[in-house]
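Reading the structure
In case you want the letters, here they are:
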Amino acid sequence: MKVSYNWLSRYLTKMPSPQDAAEKLTLTGLEVEEVEQTGAQFDGIVVGKVLDVQPHPDADRLVVCKVDIGQEEPSQIVCGAPNVAAGQKVPVATVGSVLPAPLPDGSPFKIRKAKIRGQKSAGMICAEDELGLSDDHSGIMVLDDRYAPGTPFAHVTGSAPDFVFEIGLTPNRPDATCHLGVARDLAAVTGAALKKPLDELPEVTRQLDEETIRITDTDKCHRYAGIIMRGISIGESPQWLKKHLASIGLRPLNNVVDITNFVLHELGQPLHAFDLEKLAGAKIDVRSFPRATKFTTLDDVERTVPAGSLFICDGEKPVALAGVMGGINSEISEETTDLLIESAWFEPVGIRKTSRALGLQTDSSYRFERGVDPSITRDAALRCAELILELCGGTIEGISDVHPVKTEPLTVSLRYDRLGNLLGTSIAPKTVTGILNRLEFATREESSDPLVWKCTVPTFRPDVTTEIDLIEEVARIYDYNNIPDPERITIANPEPVPFGEQFREKVRQAAVSAGLKEIYTNSLLPERFMDALGGPDVVVPTLNPITKDQALLRTQLMYGFLRSAAYNFNRGTAGVRFFEIGNIFRRDSEGGTWIEGVHEATHLHMGVAGNIHTEHWKVPARPFDLFDLKALVESVLTRLGILDQTRWKKSGAHLDLIAEHAGDSGDTGDSGDAGNSGDSGGNSNETVIGTLFQVDETWKKYTEVESSAFSAELNIGVLEQIARQAAGSVYRPVSRFPSFEFDLALVADKQIAAGEMMSAMEQTAGTQLVNVEVFDVFEGGSLEKHQKSIAFRLTFQDNSKTLTIKDVDPVIQKILKKLGSMFSVELRS
């Protein structure tokens, strides 16, 4: 936001230098990011009167002039302009002055005494481009005859140097979106008196008819003040007004429009002036429409305004888009003589939604979105009327101030002891109340022992709601640099990091160690995915979505992975392997995690897409497959020390990761396409941790991913519960006795997963079975079409003796019996 130093000086009895002002504002929290000097000083440039013009004796295109510049003797100046003539008043750059326009190489253009073709020249008669006023170099600049020789040229142009502050304003400071608000902070920190333009306003006693202004949507418009003025004259604004507006980058238009812009940037209250003759019935109705409405704004663009947006209407039609921009059908023109001044308070969220939906942010919407001061609505309109009376003439017919929803000032208690303890220093009570009073916080003593003040928060400070906010106000004006460093500090022992936080960090490190890259994605998903995510019974929508692409809380993390993959593929990446730890949300009719009706759980998502490695002269490119991701998941579980307490279970086209006897994690939940993480599996002793699957074509089309992609989403709450119950890492020495390997070929139905058979073997064999792996799979031949042969290699080992076939055979028979009863498998002959 741009703020003019000269403009600020209107409101302070004493101004610090521009550099000091910028520093003090930054220390108070209004960070001045840049200071730009504007306006030419024209030092040494004066008005001169050409007394005589003679041809140059040695140059056809030059003349020798005698010029009166207000000194005892006229100056001789050689000039080459074709339009110079005796009797003219002209700008003269005297010897030693520097022209505002530099030389072509960028160096300063300094005027020196010189001889030009043999004739002395002490100064320079200037053209407009040499003074930085325009690009015109057709001849010298000829001035109005009323200026006396020697008059500083700055008085002619009304130009004076100014300094424009670029302030990086935070959203919580709507009071500082205007010059008066910035001046208030500057006055508070310097001790200068604040001169408020609202102290003397015209008295208007005549009230307009009650039907003149009506607020239909009182929830969206809490206050609306209107003033009708008649007999005004539209014309050019005076120089002082145009200078102030131009200093902050605004283009002057006409006196009425310029005044509304001036008051906006003076007080922070947006205003609008309607041509009264163009308002049907000379009435105003503040209302919204239940359907999208076409409306042409002042920039002559027809826009389709979404349903629910607030309009200012006359007796027949919309005439302005409330809080954003006026309509072309009621704008001020050169023929306007009667007008209605609007000053209002509009609900910030509604203005923000309309502005974002239309992609139209204006100076008005910028302020309404942050919240304007509801207490100055009427006074701002009167300030505007006051300036119009002064600059445009006319009379005030009457005023109407409709105020259906009142805003009462908030009161907050401030404990003196609490302030000292937090700031680490003692500030005199008188200093504390002085700072608050200069910021326009009313204070009264609520208690003397201990000392407590009851503070009334001005309505222009909606960001101040608690005691800590008041303490911050005192500290920033007192200046943090004035708070002494403590002689000693007390370091408290840090609280132990909760197991849950430690575990999440361990999960993160395990995923990184497995070769995955972490991503952070938006928890808001597009509205069009409602059905794909489970429908209204599962998905939680946001109440006030910024856009339709951020309207639903995610029920799974896969969408963010796919969008990130597509982003990388579009930039030449051949393959990705990502992980994300984030929260998912779903409706919960039985309660909720933190908010009633909303279940929230933390999930780990791992995904791979594209090629696992690119083409090489030794090997061709190979895309990721389901087993690559399965290996990554198992790698993470191994690093977490819980792989042996989980197993895979085939569920249609998915692989479910199952935990045996996981108990109640207290942090489980549905993850949409990631499966019912945390739900019971086939029996009460099973808990589904998560699901691994190949992403289907529908989701790939949604996210514009063309290559194959695989997704695994695990409930961290269940993983954490398993880790809590685990015994932890225990050292076990390497056995001194050799291992015994036994190969077992089994015939089973194709639908039976090898992992389920391996889990059954491990549960049946006891501690002597130290490893099981598949080394061959065969189909066809003498086998039935629905059968397959799987060859397992079982490794046995004992810590007390060397195992033989006699020791292993009983275990093998026990395994075969178990597998036969569970899966109807047969030993392959």
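Just above sits the structure.
Here's what I pulled together on the structure shown here. (Residues numbered from 1 in each chain as written. Predicted model: local features only at pLDDT ≥ 70, side-chain atom pairs only at ≥ 80, totals over all residues. Heavy atoms only, no water.)

The secondary structure content of the chain amounts to 19 helices and 40 strands. Its C-alpha atoms give the chain a radius of gyration of 40 Å, more than 25% over the compact-globule value 28 Å for 829 residues. For the chain, the C-alpha atoms occupy an extent of roughly 130 × 75 × 65 Å along the three principal directions. Split into buried and exposed, the 829 residues of the chain put 48% on the buried side. A fraction of 70% describes how many contacts in the chain between residues 6 or more apart in sequence connect residues 24 or more apart. Accessible surface, the chain: about 41300 Å² in total, of which carbon and sulfur atoms supply 48%. The distance from the centre of the 85 positive side-chain charges to the centre of the 117 negative ones in the chain is 3 Å. (Helix = DSSP H or I, 4+ residues; strand = E, 2+ residues; numbered from the N terminus. Rg over C-alpha atoms; globule rule 2.2 N^0.38 Å. Buried < 20%, exposed > 50% of the residue type's maximum accessible area, 1.4 Å probe, protein only. Contact = heavy atoms within 4.5 Å. Areas by Shrake-Rupley, 256 points an atom, 1.4 Å probe, with all protein chains shown as cover. Lys, Arg positive; Asp, Glu negative; His and termini not counted. Charge placed at Lys NZ, Arg CZ, Asp CG, Glu CD.)

Negative charge collects at one region of the surface, where Glu31, Glu33, Glu34 and Glu36 lie side by side. Tracing the chain through its elements places glutamate 36 in strand S2 (residues 31-38). (Patch = residues over 30% accessible without salt bridge, like charges linked within 9 Å, V, L, I, M, F, W, Y side chains within 5 Å. Salt bridge = Lys/Arg side-chain N within 4 Å of Asp/Glu carboxyl O.)

Now for the side chain of threonine 293. Residue placement: threonine 293 occurs in strand S17 (residues 293-296). A polar contact of 3.2 Å, which involves the side chain of threonine 293, links it to the backbone oxygen of arginine 291. In this view, threonine 293 contacts Arg303, Thr304, Val305 and Phe311; residues no more than four positions away in its chain are not counted. (Polar contact = N/O pair within 3.5 Å; in protein donor to acceptor, adjacent residues only side chain to side chain.)

For strand S6 (residues 89-93), a buried count of five out of five residues is recorded, marking the element as mostly surrounded by other parts of the structure. Side chains of S6 alternate between two faces, with Lys89, Pro91 and Ala93 and Val90 and Val92 buried alike. Summarising the sheet, strand S3 (residues 45-55) and S6 pair through five bridges and their orientation is antiparallel. Pairing of lysine 49 across the sheet is with lysine 89, part of S6. Relative to strand S11 (residues 124-125), S6 runs antiparallel, the two being bridged by two bridges. (Pairing = 2+ DSSP bridges.)

The subject of this paragraph is the pattern of salt bridges. Scanning the model with the defined rule gives 36 salt bridges in all. Residue aspartate 314 is joined to lysine 317 by a salt bridge in which the shortest nitrogen-to-oxygen separation is 2.6 Å. Residue aspartate 314 is classed as buried on the basis of its relative accessible area of 6%. Overlapping salt bridges, with partners in common, bring together Arg173, Asp175, Asp185, Arg461, Asp463, Glu473 and Arg476 in one network.

Quick look at the sheet that holds strand S24 (residues 410-415) now. As summarised here, the arrangement of the three strands in space is S24-S26-S25, forming an open sheet in which the pairing is antiparallel. Every other strand in the sheet has two partners, leaving S24 and strand S25 (442-448) as the edge strands with one partner each. Going from strand to strand, the sheet's axes swing by 25° on average, the running direction of each strand aside. Pairing geometry for S25 and strand S26 (residues 451-457), over six bridges, is antiparallel. The residue of S26 that forms the bridge with threonine 443 is cysteine 455. Helix-sheet contacts for helix H10 (residues 416-423) involve S24 and S26, and the interaxial angle to S24 is about 65°. (Axes fitted to C-alpha atoms, helices over the stretch in contact; angles between N-to-C directions.)

As a further point, take the environment of arginine 736. You can see arginine 736 is positioned in the loop between helix H17 (716-725) and strand S37 (740-749). Taking relative accessible area as the criterion, arginine 736 reaches 72% and is therefore assigned exposed.

One finds Phe165, Val256, Ile341 and Ile388 to be the most contacted residues of the largest nonpolar core, which totals 55 residues. With near-sequence residues (within four places) excluded, phenylalanine 165 lies in contact with Met1, Lys2, Val3, Tyr5, Leu8, Pro18, Ala21, Ala22, Leu25, Val32, Glu34 and Val35. Counting 34 residues, the second largest nonpolar core, distinct from the first, contains Leu516, Val633, Ile642 and Leu714. (Core = buried A, V, L, I, M, F, W, Y, C linked by side-chain atoms within 4.5 Å.)

A word on the packing of helix H6 (residues 255-267) against helix H9 (residues 377-392). It is at 10 Å that the axes of H6 and H9 come closest, and there the two elements cross at 140°. Here H9 runs oblique to H6, going by the angle between their axes. The handedness of the crossing between H6 and H9 comes out as right-handed. Listed contacts from H9 to Asn255, Val256, Ile259, Thr260, Phe262, Val263, Glu266 and Leu267 of H6 are Ala380, Arg383, Cys384, Leu387, Ile388, Leu391 and Cys392. The residue inventory of the contact of H6 with H9, partitioned by class, reads eleven nonpolar, two polar and two charged. (Parallel < 35°, antiparallel > 145°, perpendicular 65-115°, else oblique. Left-handed = near helix turned anticlockwise from the far one by under 90°. Nonpolar A, V, L, I, M, F, W, Y, C, P; charged D, E, K, R; others polar.)

Take the packing of aromatic side chains next. Between two aromatic rings, the relevant description is the distance of the centres plus the angle of the planes. Within this structure, the stated rule accounts for 16 aromatic pairs. Ring geometry for tryptophan 7 versus phenylalanine 262: centroids 4.9 Å apart, planes at 5°, classification stacked. Pair noted here: tryptophan 7 is in helix H1 (residues 5-8) and phenylalanine 262 is in helix H6, with a separation of 255 residues, a long-range link. Per residue, the accessibility class of tryptophan 7 equals that of phenylalanine 262, and both read buried. With a centroid separation of 6.2 Å and an interplanar angle of 15°, the aromatic rings of phenylalanine 499 and phenylalanine 503 are classed as stacked. Of the two residues, phenylalanine 499 and phenylalanine 503 both sit in helix H13 (residues 499-513), four residues apart, roughly one turn of that helix. (Phe/Tyr/Trp six-rings, centres within 6.5 Å; stacked < 30°, edge-to-face > 60°.)

Turning our attention to the sheet that holds strand S40 (residues 826-827). Strand order in the open sheet made by the four strands is S38-S39-S37-S40, with antiparallel pairing throughout. Each having just a single partner strand, strand S38 (769-778) and S40 make up the two edges of the open sheet. Sheet analysis places S37 next to strand S39 (residues 787-796), joined by ten bridges and oriented antiparallel. Looking at S39, one finds that valine 747 is bridged to serine 789. Contacts from helix H18 (residues 754-765) reach S37, S38 and S39 within the one sheet, and its direction differs from that of S38 by about 150°. The sheet strands contacting helix H19 (residues 805-823) are S37, S39 and S40, and the helix crosses S37 at an angle near 15°.

This paragraph deals with the packing of H13 against H17. Contact geometry of H13 with H17 gives a least axis separation of 10 Å together with a crossing angle of 105°. Relative to H17, the element H13 lies roughly perpendicular. Taking contact as the criterion, the partners of Phe499, Gly500, Phe503, Arg504 and Val507 in H13 are, on H17, Ile716, Leu719, Glu720, Ala723 and Arg724. Partitioning the contact of H13 with H17 into residue classes produces six nonpolar, one polar and three charged.

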